[in-house]
Amino acid sequence: IMSAVAFDILPLKLHPFSQSTPTGLDCVGWKRRISSPVITDGALDKTALTDDVGSEEDLYEDFRSSNHRYGHPGGGGEQLAINELISDGSVVYAEALWDHVTMDDQELGFKAGDVIEVMDATNKEWWWGRILDSEGWFPASFVRLRVNQDEPMEDYPLKVEGGKEDDSSSGSRRFGMGQTTKDQMRTNVINEIISTERDYIKHLKDICEGYIKQCRKRADMFTEEQLKTIFGNIEDIYRCQKKFVKALEKKFNKDHPHLSEVGSCFLEYQTEFQIYSEYCNNHPNACMELSRLTKVSKYVYFFEACRLLQKMIDISLDGFLLTPVQKICKYPLQLAELLKYTNPQHRDFKDVEAALNAMKNVARLINERKRRLENIDKIAQWQSSIEDWEGEDVLVRSSELIYSGELTKISHPQAKSQQRMFFLFDHQLVCCKKDLLRRDILYYKSRINMDDMEILDVEDGKDKDFNISVKNAFKLHCRDTEEVHLFCAKKPEQKQRWLKAFENERRQVQLDQETGFSITEVQKKQAMLNASKQHHSGKPKAVTRPYYDFLMRQKHPTLPTTLPQQQVFMLAEPKRKPSNFWQNISRLTPFRK
C-alpha cells in the first residue's frame, strides 16, 4: 500500500491527544479484531480482568519502569479491521460529513456528501483515499464509513432528495429472501444504529468504571473539581444512554430489522439529550486540563494503567472523551440516512421524519448554548470597563446582550431630557452616560428590570403623561408601581429596531425558561475574575480559543503538516479576529445601528 512505504521511511510520532474518534465504530457486519470482547450488556468479569492484567498498582509500576508512551496513532481494532479488508482486496467507501478544503497538493479535497474510496487507514487521524482520479490524505474525522458498503456505486448518483430513487435505478431489485434493495439498506442502517449504541454504552461504562472510579481512589492525585473538569457530566450521560438503548432494543425487530420502528425513541428522549450541552461546553476545558496533567509522567502512566486494567482499546483518554461530542452530532446524520431508506408508507416514516427534525433542534440548541457561554466573557469584560458601577453584576441575571444604542430619556419632574447609552440584556436594561471629553468612556447611571415592564408604542405628537411633544417615542410602563419611562429615538427606523429588540428580549427569556438554560455560579465568577485581571493589567482582552490553538498545534511528520480544525466538534462559532472592546460588544447585538 502506497502510504505504508511512507510509514517505513518516516516513523510515526506518538501523539498523546489525537482528536480523532474510533471511526470504525460505525462499521456493521465486519468481523471485529479487538483484543477484548464487546459485551453488549456492559458486564465485565472483574476477576478475570485482575488475573490477566494485574492490579492497578502493578500496572502503574510497570509503566513507570518502562518508557511507555501514552497513546498510539493507528491503535485500536477498528483500524486494523479496515486495513485488513483493504488488503484482502475489498473496496471500502466513506462518505464525507463536512467539506475539506485542500491545504496542499498531498491532501484530498472534497465536499460534504462526496463518496471516497479509503485506500489506507493505518493512521487514525489521517487516511489515504481516492475520488475519481484524485488521491491524497484526508482527516478521518471528516468522514463516516458508509453503512451500505454493498450499495452499487453506479446507483449512488441516482439518489434524489427525500430518499426516493430514480425509476431507472435498482430500487425494484430483490435482495435476499424477499427483500428489496431499499429494505436491505434500511436493515443495514437500523443494525448500525443498534450496534453503535451498544458500543457507545460500552465506551461510557469503560470511562465511568475504568477511569473515574480509579481516579476517585487517588485523592492524592485528583480533586473532585479536577474530575468534574475532565469528565464533566458524563456519568449523567451514561445513565441517560442506558435507558435510551433499552428503549431502542424494545423497538428493534430482530427477525426483520427493516420493520423496526425506532423513530419514537428519539422523540421520547429529545429533551433528555439536552444534557449533552453541558458536556460539550465543558469539553475544551477537559482537553486543557488533560494536557496540563499529562505533562507530569505519573499521570501519563496512571491513565494508561486505567485503560489496560479496564481492557479498553488502544485510544487515549481524550479520544474516549470526544465520543459523546461526536455522538450527539451523529444522530441527525444517522436519522437522515434512515429516512432516505424508509418508504413513506412505512409505519415508522412519520416518526423518523419528526425525530430527524427533533435531533437537529437538539444540536441547534447545544450550539446556541455554547455561543451564549462564550459571550459571558465579553459581557464581563464590558462591565469591567464601565466606570462607577453599582449593584449586582450583569451576569447575575443576564447572559445575552440583545441590543444597544443611544436614546433620549425623558424623566419626571419637568420632563427633563437626557442623552444616554442603553444596553438591553435579557431581564434588564442598563443605562450609561458618555464622558464629555472621552466618548469611549461610560459611566453607570441606572438599570430597569424588564421582567416588570410592558412596552407601549407612542404616536408622534403631544404626550399626555409628560405634557410635551414627542417624536419616534415609546414607553416602558411598570405594571406594579405604575412607573413610566419615556424614550425617544432619533429616527423612525431606530425606534422600530428598539421595539423589535424588546420583543426579542421577552422571547429569549421565555425560551431560556422552557429549555432550562442557565449559567453556573462558577462560570459567572470565573468570567468576572478574568475580566478583572484584564482590566487591572490595562490590556484589552482578546477573544481567544486555547482549545483550538491546542488542536492546531498537533502535527504529523509523514502526513499533512497542519491538522484541520475538528469540525466534528461543530458546536462552536468560527473564531473571530481579536478586536477592541467596542467591536466586541457591537458584535453581540443582532442589529446594526
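Cut-offs and rules
In this convention, every chain numbers its residues from 1, walking through the sequence in written order. Selection of residues for local features in this predicted model requires a pLDDT of at least 70, selection of side-chain atom pairs for listing and counting requires 80 or more, and totals for whole chains, interfaces and linings are taken over all residues. Note that the side-chain values use all heavy atoms of the structure and ignore hydrogens as well as water. UniProt positions are given in the numbering used here, feature names are shortened, and annotations may be inferred rather than shown by experiment. Pairing of aromatic side chains here covers Phe, Tyr and the six-membered ring of Trp, requires ring centres within 6.5 Å, and sorts the geometry by plane angle: under 30 degrees stacked, over 60 edge-to-face, intermediate tilted. Note on conventions: DSSP H or I runs of at least 4 residues are helices, E runs of at least 2 residues are strands, and numbering of each starts at the N terminus. The cut-offs for exposure are 20% and 50% of the maximum accessible area for each residue type, with area from a 1.4 Å probe on protein chains only; residues under the lower value are buried, those over the upper are exposed, and the others partly exposed. Put simply, a salt bridge is a Lys or Arg side-chain nitrogen that is within 4 Å of an Asp or Glu carboxyl oxygen. To estimate the expected span of a helix, subtract one from its residue number and multiply by 1.5 Å. Take the buried residues of types Ala, Val, Leu, Ile, Met, Phe, Trp, Tyr and Cys, join any two whose side-chain atoms come within 4.5 Å, and each joined set is a nonpolar core.

As annotated in an unreviewed UniProt entry, the chain carries the name ARHG4 factor and comes from Rynchops niger. Per UniProt, the chain carries the Subcellular location (unreviewed entry) text "Cytoplasm".

Caption draft 1: The arrangement of the packing of aromatic side chains in detail. One pass over the structure, following the stated rule, counts 24 aromatic pairs. Centre to centre, the rings of Phe266 and Tyr331 are 5.5 Å apart; their planes meet at 75°, and the pair counts as edge-to-face. Note that Phe266 is positioned in helix α8 (residues 263-268) and Tyr331 in helix α11 (residues 317-340), a separation of 65 residues in sequence. For Phe266, a relative accessible area of 0% translates into the label buried. Take Tyr331: its relative accessible area is 0%, and that puts it in the buried class.

Caption draft 2: View of the environment of Leu486. Along the chain, Leu486 turns up in strand β16 (residues 484-488). Since its relative accessible area comes to 0%, Leu486 is described here as buried. When the C-alpha atoms of Leu486 and Phe474 are compared, they prove to be 6.1 Å apart, with 12 residues separating the residues in sequence.

Caption draft 3: Structural view of the pattern of salt bridges. Counted by the stated rule, this structure contains 29 salt bridges. Of the charged contacts, one joins Asp206 and Lys202 as a salt bridge, the two residues approaching to 2.8 Å between their closest N and O atoms. Residue Asp206 and its partner Lys202 are located together in helix α5 (residues 181-217), separated by 4 residues, close to a single helical turn. As far as burial versus exposure is concerned, Asp206 and Lys202 are alike and both buried. Across the salt bridge formed by Asp457 and Lys495, the nearest N and O atoms sit 2.6 Å from each other. Of this pair, Asp457 sits in strand β12 (residues 453-458) while Lys495 sits in helix α13 (residues 492-515); the two residues are 38 residues apart in sequence, bridging distant segments of the chain.

Caption draft 4: Molecular detail of helix α10 (residues 297-309). Between its first and last C-alpha atoms α10 spans 18 Å; for 13 residues at 1.5 Å apiece the expected length is 18 Å, and the two agree. The buried fraction of α10 amounts to 10 of the 13 residues, a majority that puts the element mostly inside the structure. Immediately downstream of α10, the backbone of Lys311 shows phi near 55°, a positive value.

Caption draft 5: Looking closely at the nonpolar core. In this structure, Phe231, Phe266, Phe273 and Ile328 are the most contacted members of the largest nonpolar core, which totals 63 residues. Put simply, the parts of the chain that give this core at least two residues each are α5, α6 (224-231), α7 (234-251), α8, α9 (276-293), α10, α11 and α12 (349-385). Ranked by size, the runner-up nonpolar core spans 22 residues in total, among them Leu373, Ile386, Met421 and Phe517.

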